Amino acid sequence: MKLLYAEDERELSEAVTDILTYHNYIVDAVYDGESALAYAEVESYDGIILDIMMPKADGLEVLKKLRQKGCTTPVLLLTAKSQIEDKIEGLDMGADDYLAKPFAMGELLARIRAMLRRRDNFVPDILKFGNIALNLSNYNLSSDCGSATLTKLEFQMMELLMRNRGVYYSTEQFFEKIWGYNSDADIGVVWVYISYLRKHLEKLNANVEIKVKRNIGYTLEAKND
């Protein structure tokens, strides 16, 4: 199992890394939030351990950015703070567990084992395609260039497109699936919302686009460079 461990206290980092290595974990140790984010974006980890109080970017900031980018790797937060508000904030941002300092190494190892077991049963609530990610829990569409919170109808259309990449949906099919047979809306509303989504993708500098084939329909495809 490969872990990313971000802790700015060097002596503590070395001690924990030695113990984790002894227990057969492969550990990448970093000492600030910027490095943690950079490593997490380019390497594949089974779990991430983040100290909240770090220079350059704190653990909560790193966690928030990772989740916005669609990273579903389980995260264990470490902090010297014991206030309930910190725990709530971290868990609401997508942390899997929370351990306050000072901690016993036995407890840390147990928390890591539990976190990694949950990983095997984890069902992500984020759809990804190209450089964009759609968070199914908060309607957030994001890329490396930023994020946008979609309206309910925008979200439903984007979810349909992302779950069925390469499949063409006609205007009529969109209308039936999103608005329903009994809707009083005009079918032209589909074109309006396709336009809204295209504008969101353009602002996010997405490398995917909504393509249209005349008399066939719309689909989501990777852009041709």
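Residues numbered from 1 in each chain as written. Predicted model: local features only at pLDDT ≥ 70, side-chain atom pairs only at ≥ 80, totals over all residues. Heavy atoms only, no water.

1. Here's the deal with the packing of aromatic side chains
Two measures describe an aromatic ring pair: the distance that separates the ring centres and the angle between the ring planes.
Next up, step 1: Overall, the coordinates contain six aromatic pairs when judged by the stated rule.
Next up, step 2: Ring geometry for Tyr139 against Phe155: centres 4.2 Å apart, planes inclined by 15°, an arrangement best described as stacked. Here Tyr139 is found in the loop between β7 (132-135) and β8 (140-143), whereas its partner Phe155 is found in helix α6 (residues 152-163), with 16 residues between them in sequence.
Next up, step 3: Judged by relative accessible area, which is 27%, Tyr139 ranks as partly exposed.
Next up, step 4: Geometrically, the ring pair formed by Phe175 and Trp179 is stacked, given 5.9 Å between the ring centres and 10° between the ring planes. Of the two residues, Phe175 and Trp179 both sit in helix α7 (residues 171-179), four residues apart, roughly one turn of that helix.
Next up, step 5: Taken together through their ring pairs, the aromatic side chains of Phe175, Trp179, Tyr193 and Tyr196 make up a single cluster.
Next up, step 6: When the ring centre of Tyr31 is taken as origin, the NZ or CZ atom of Arg10, which lies over that ring, is 3.6 Å away. (Phe/Tyr/Trp six-rings, centres within 6.5 Å; stacked < 30°, edge-to-face > 60°. Helix = DSSP H or I, 4+ residues; strand = E, 2+ residues; numbered from the N terminus. Buried < 20%, exposed > 50% of the residue type's maximum accessible area, 1.4 Å probe, protein only. Lys NZ or Arg CZ within 6 Å of the ring centre and 35° of its normal.)

2. Examining the environment of Ile187
Next up, step 1: When you line up the elements, Ile187 lands in the loop between α7 and α8 (189-203).
Next up, step 2: Aside from chain neighbours lying at most four places away, what touches Ile187 is Thr171, Glu172 and Phe175. (Contact = heavy atoms within 4.5 Å.)

3. Some points on the environment of Tyr25
Next up, step 1: Inspection of the secondary structure puts Tyr25 in the loop between α1 (10-22) and β2 (26-30).
Next up, step 2: For the pair formed by Tyr25 and Asp97, sequence separation is 72 residues and the distance between their alpha carbons is 19 Å.
Next up, step 3: Excluding residues within four positions of it along the chain, Tyr25 makes contact with Met1, Leu3, Leu20, Leu109, Ile112, Arg113 and Leu116.

4. Some points on the packing of helix α2 (residues 33-42) against helix α3 (residues 59-68)
Next up, step 1: Between α2 and α3, whose axes approach to 9 Å, the crossing angle comes to 25°. The angle between α2 and α3 falls in the class roughly parallel. Viewed along their axes, α2 and α3 form a crossing whose handedness is right-handed. Each of Gly33, Ala36, Leu37 and Ala40 in α2 lies in contact with α3, whose residues at this interface are Val62, Lys65 and Leu66.
Next up, step 2: Looking at side-chain class alone, the contact of α2 with α3 contains five nonpolar, one polar and one charged residues. (Axes fitted to C-alpha atoms, helices over the stretch in contact; angles between N-to-C directions. Parallel < 35°, antiparallel > 145°, perpendicular 65-115°, else oblique. Left-handed = near helix turned anticlockwise from the far one by under 90°. Nonpolar A, V, L, I, M, F, W, Y, C, P; charged D, E, K, R; others polar.)

5. Some details on α2
Because the α-helix completes a turn every 3.6 residues, residues three or four places apart line up on one side.
Next up, step 1: Listing the buried residues of α2 in full gives Gly33, Ala36, Leu37 and Ala40. Taken end-on, α2 shows its buried residues confined to a sector of 95°, consistent with a single buried face.
Next up, step 2: Summarising the contacts, the buried residues of α2 are in contact with β1 (2-6), β2, β3 (47-51) and α3.
Next up, step 3: Between the side-chain oxygen at the start of α2 and the backbone nitrogen of Glu34 there is a gap of 3.1 Å, and the oxygen is on Asp32. (Arc of directions from axis to C-beta. Polar contact = N/O pair within 3.5 Å; in protein donor to acceptor, adjacent residues only side chain to side chain.)

6. With respect to the nonpolar core
Note on soluble globular proteins: their nonpolar side chains tend to be buried together.
Next up, step 1: Met157, Met158, Phe174, Leu201 and Leu220 are the most contacted members of the largest nonpolar core, which totals 29 residues.
Next up, step 2: When contributions to this core are tallied by element, the ones reaching two or more residues are β6 (126-129), β7, α6, α7, α8, β10 (208-213) and β11 (217-222).
Next up, step 3: In this structure, Ala40, Leu50, Ile52 and Ala95 belong to the second largest nonpolar core, which totals 21 residues. (Core = buried A, V, L, I, M, F, W, Y, C linked by side-chain atoms within 4.5 Å.)

7. Observations concerning the side chain of Asp46
Next up, step 1: Mapped onto the fold, Asp46 is located in the loop between α2 and β3.
Next up, step 2: Here Lys2 takes part through its backbone nitrogen, which lies 2.7 Å from a polar atom of the side chain of Asp46.

8. Some thoughts on the pattern of salt bridges
Next up, step 1: Taken as a whole and assessed by the stated rule, the structure comprises 11 salt bridges.
Next up, step 2: A salt bridge links Asp51 to Lys101, with the shortest nitrogen-to-oxygen separation between them at 3.3 Å. Taken together, the residues span a long stretch of sequence, with Asp51 in strand β3 and Lys101 in the loop between β5 (97-100) and α5 (105-120) at a distance of 50 residues. Across this residue pair, the class does not change: Asp51 and Lys101 are buried.
Next up, step 3: Arg163 is paired through a salt bridge with Glu159; the nearest N and O atoms lie 3.0 Å apart. One end of the pair, Arg163, and the other, Glu159, are both in helix α6, four residues apart, so they sit about a helical turn from each other. (Salt bridge = Lys/Arg side-chain N within 4 Å of Asp/Glu carboxyl O.)

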